[in-house]
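Descriptive structure summary
Chain residues, written in single-letter form:
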Amino acid sequence: MVAVVVLALGWGRDLPGPFVALVGACLIGSVLSAVHHAEVVAHRVGEPFGSLVLAVAVTVIEVGLIVMLMAGGGDKASTYARDTVFAAVMITCNGIVGLSLLVAALRRRVAVFNAEGSGGALATVITLAAMTLVLPSFTTSHPGPEFTGARLVFAAVASLCLYGIFVGVQTVRHREYFLPIAPEADASGDDWRASPPTLRETCWSLGLLLVALLAVVGNAKLVSPAIEDGVESAGLPKAVVGVVIALMVLLPETLAAVRAARRDRVQTSLNLAYGSAIASIGLTVPAIALASVWLSGPLVLGLGPLHLALLALTAAVSALTVVPGRANVLQGGVHLVLFAAFVFLSFSP
């Protein structure tokens, strides 16, 4: 609630340095609060609905943030959607997945998850990323890495349809593929199946989750001008802005996934990671396609050669990780190295 008050006080104003620092502190507090309330809701509704709630809620507000940045940025914001969505894919598929597998493997030597559900989710991520971020660089109807109007509409409709099919499979038809695998009895005596919260507690947490997520994205918007100025003054590529924004917005999923991995619920961590990537593409591209009707300036979606290579490497490594249904510290380390390469090459391409 403090973060919301700070957001209201700082909205639409030029912020001095101390106030920006206060906004950053509120941003961190909002992330921690969002993770807590998301876990309460998830424990009440069960998996995979719990991870779906957090992924969709964060992504919907992330879409609003991207649209606001593009509306006020003009031509220089033409790549914000592409940079933020690609950064979200790399953060979720390498950063969150790698960190979750490493934490779980260090605890129990081997991280175990459902290959059927995780494999289907990964296939959906790769297909969505290819249709929206790869194909624009190879189409010939329009010069440059951009879609024509008709192709943008097709990509938006296809993304929505694929996202809807995935949600239906995840929550109804093959829900068992996305349920955590119960660990063996823990010698520490921890109860893996704790009592669920009451309906009243769940409703309060759901409301406060939305407030916390609004505070996260709103405060990220407040600090984004400082980030843009810092990136420009340091002579860094514009893509760094999208990377930083995605890192801030995806903090709730990251913390929730790591905490789930520490409780030996690796499937929940993968649901959060891949579900966030799917929602990020499947909801952002249709929203940007709709907003392009009134947004001025070009919309660049196609990736360059460097990012295409990183995406292809991520797809191949992720497939090798998911297929066995088991992973150790090596797989976690490989994904984290890929994530580190993405961050480093974003700052120094």
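Time to look at the packing of aromatic side chains. Overall, the coordinates contain two aromatic pairs when judged by the stated rule. Between phenylalanine 86 and phenylalanine 342, the ring centres sit 5.6 Å apart and the planes meet at 80°, which makes this aromatic pair edge-to-face. Within this pair, whereas phenylalanine 86 is found in helix H4 (residues 80–108), its partner phenylalanine 342 is found in helix H12 (residues 329–347), the two being separated by 256 residues in sequence. An identical accessibility class is assigned to phenylalanine 86 and phenylalanine 342; each is buried. Between the aromatic rings of phenylalanine 166 and phenylalanine 178, the centroid separation amounts to 5.8 Å while the plane-to-plane angle is 90°, which identifies the pairing as edge-to-face. With a gap of twelve residues between them, phenylalanine 166 in helix H6 (residues 149–173) and phenylalanine 178 in the loop between H6 and helix H7 (199–233) connect regions that are remote in the sequence. Overall, the relative accessible area of 6% leaves phenylalanine 166 in the buried class.

The subject of this paragraph is the side chain of threonine 84. Relative to the elements of secondary structure, threonine 84 occurs in helix H4. Each residue touching threonine 84, except ones within four places of it in the same chain, is listed here: Glu62, Ile66, Gly242 and Ala246.

This next bit is on the packing of H4 against helix H9 (residues 251–262). Where H4 meets H9, the axes come as close as 8 Å, and the angle between the chain directions of the two elements is 20°. In terms of orientation, H4 and H9 fall into the roughly parallel class. Viewed along their axes, H4 and H9 form a crossing whose handedness is right-handed. Residue-level contacts link Ile96, Leu99, Ser100, Val103, Ala104 and Arg107 of H4 to Glu253, Thr254, Ala257, Val258, Ala261 and Arg262 of H9.

With that settled, consider the side chain of asparagine 114. Along the chain, asparagine 114 falls in the loop between strand E1 (111–112) and helix H5 (115–134). What makes asparagine 114 buried here is its relative accessible area of 14%. Within the structure, asparagine 114 has its side chain in polar contact with the backbone oxygen of leucine 179 (distance 2.6 Å).

Time to look at H12. Given a rise of 1.5 Å per residue, 19 residues ought to cover 27 Å, and the 27 Å separating the end C-alpha atoms of H12 matches this to within 8%. Regarding H12, the residues found buried are Gly332, His335, Leu338, Phe339, Phe342 and Ser346. Down the axis of H12, the buried side of the element spans an arc of 125°, and every buried residue falls inside it. Of the residues in H12, the exposed ones pointing more than 90 degrees away from the buried face are Leu330, Val337 and Phe344. Buried-residue contacts for H12 involve H4, helix H8 (239–249) and helix H11 (305–322). Capping the start of H12 is the job of one residue whose side-chain oxygen sits 2.9 Å from the backbone nitrogen of leucine 330: asparagine 328.

Our next topic: the environment of glycine 119. By the secondary structure assignment, glycine 119 is in helix H5. Sequence separation of glycine 119 and serine 318 is 199 residues, and the distance between their C-alpha atoms is 9.0 Å.

Before going further, it helps to examine H9. In this model H9 runs 17 Å from its N-terminal to its C-terminal C-alpha over twelve residues, within 8% of the 16 Å that 1.5 Å per residue would give. Residues of H9 that are buried: Pro252, Glu253, Thr254, Ala256, Ala257, Val258, Ala260 and Ala261. In the stretch just after H9, aspartate 264 is the one whose phi turns positive, near 65°.

So, about the environment of valine 2. With respect to the element layout, valine 2 can be found in helix H1 (residues 2–10). Note on valine 2: relative accessible area 60%, which makes it exposed. As for valine 2 and proline 349, which are separated by 347 residues in sequence, their C-alpha atoms are 39 Å apart.

The next thing to look at is the nonpolar core. In terms of nonpolar packing, the biggest core is built from 82 residues, with Leu54, Phe86, Tyr274 and Phe342 touching the most fellow members. Of all the elements, H4 adds the most residues to this core, at 13 residues. What phenylalanine 86 contacts, discounting residues up to four positions off in sequence, is Leu133, Leu303, His307, Leu310, Leu311 and Phe342. Among the nonpolar cores identified, the runner-up in size contains 13 residues, and Val67, Leu152, Ala155 and Leu301 belong to it.

Here we come to the confidence of the model for the chain. For the chain, per-residue confidence averages 83 on the pLDDT scale, and residues scoring 70 or more make up 90% of the total. Per-element confidence in the chain ranges from a low mean pLDDT of 70 for helix H3 (residues 49–73) to a high of 95 for H11. A low-confidence stretch, residues 185–192 (pLDDT under 50), is modelled with nine contacts involving residues beyond four sequence positions or located in other chains.

Side chains of Ile28, Leu32 and Leu255 sit close together on the surface and give an oily, nonpolar patch of about 260 Å² of accessible area. Here leucine 255 is to be found in helix H9.

Attention now goes to the pattern of salt bridges. The final tally for this structure, using the stated rule, is three salt bridges. For the salt bridge of aspartate 264 with arginine 107, the shortest nitrogen-to-oxygen distance reads 3.2 Å. Residue aspartate 264 is found in the loop between H9 and helix H10 (266–291), and its partner arginine 107 is found in helix H4; the two are separated by 157 residues along the sequence. Taking the shortest distance from any N to any O, the salt bridge between aspartate 264 and arginine 108 comes out at 2.7 Å. With aspartate 264 in the loop between H9 and H10 and arginine 108 in helix H4, the pair connects residues that are 156 residues apart, well separated along the chain.

The rules we used
Residues numbered from 1 in each chain as written. Predicted model: local features only at pLDDT ≥ 70, side-chain atom pairs only at ≥ 80, totals over all residues. Heavy atoms only, no water. Phe/Tyr/Trp six-rings, centres within 6.5 Å; stacked < 30°, edge-to-face > 60°. Helix = DSSP H or I, 4+ residues; strand = E, 2+ residues; numbered from the N terminus. Buried < 20%, exposed > 50% of the residue type's maximum accessible area, 1.4 Å probe, protein only. Contact = heavy atoms within 4.5 Å. Axes fitted to C-alpha atoms, helices over the stretch in contact; angles between N-to-C directions. Parallel < 35°, antiparallel > 145°, perpendicular 65-115°, else oblique. Left-handed = near helix turned anticlockwise from the far one by under 90°. Polar contact = N/O pair within 3.5 Å; in protein donor to acceptor, adjacent residues only side chain to side chain. Expected span 1.5 Å × (residues − 1). Arc of directions from axis to C-beta. Core = buried A, V, L, I, M, F, W, Y, C linked by side-chain atoms within 4.5 Å. pLDDT = per-residue confidence, 0-100. Patch = residues over 30% accessible without salt bridge, like charges linked within 9 Å, V, L, I, M, F, W, Y side chains within 5 Å. Areas by Shrake-Rupley, 256 points an atom, 1.4 Å probe, with all protein chains shown as cover. Salt bridge = Lys/Arg side-chain N within 4 Å of Asp/Glu carboxyl O.

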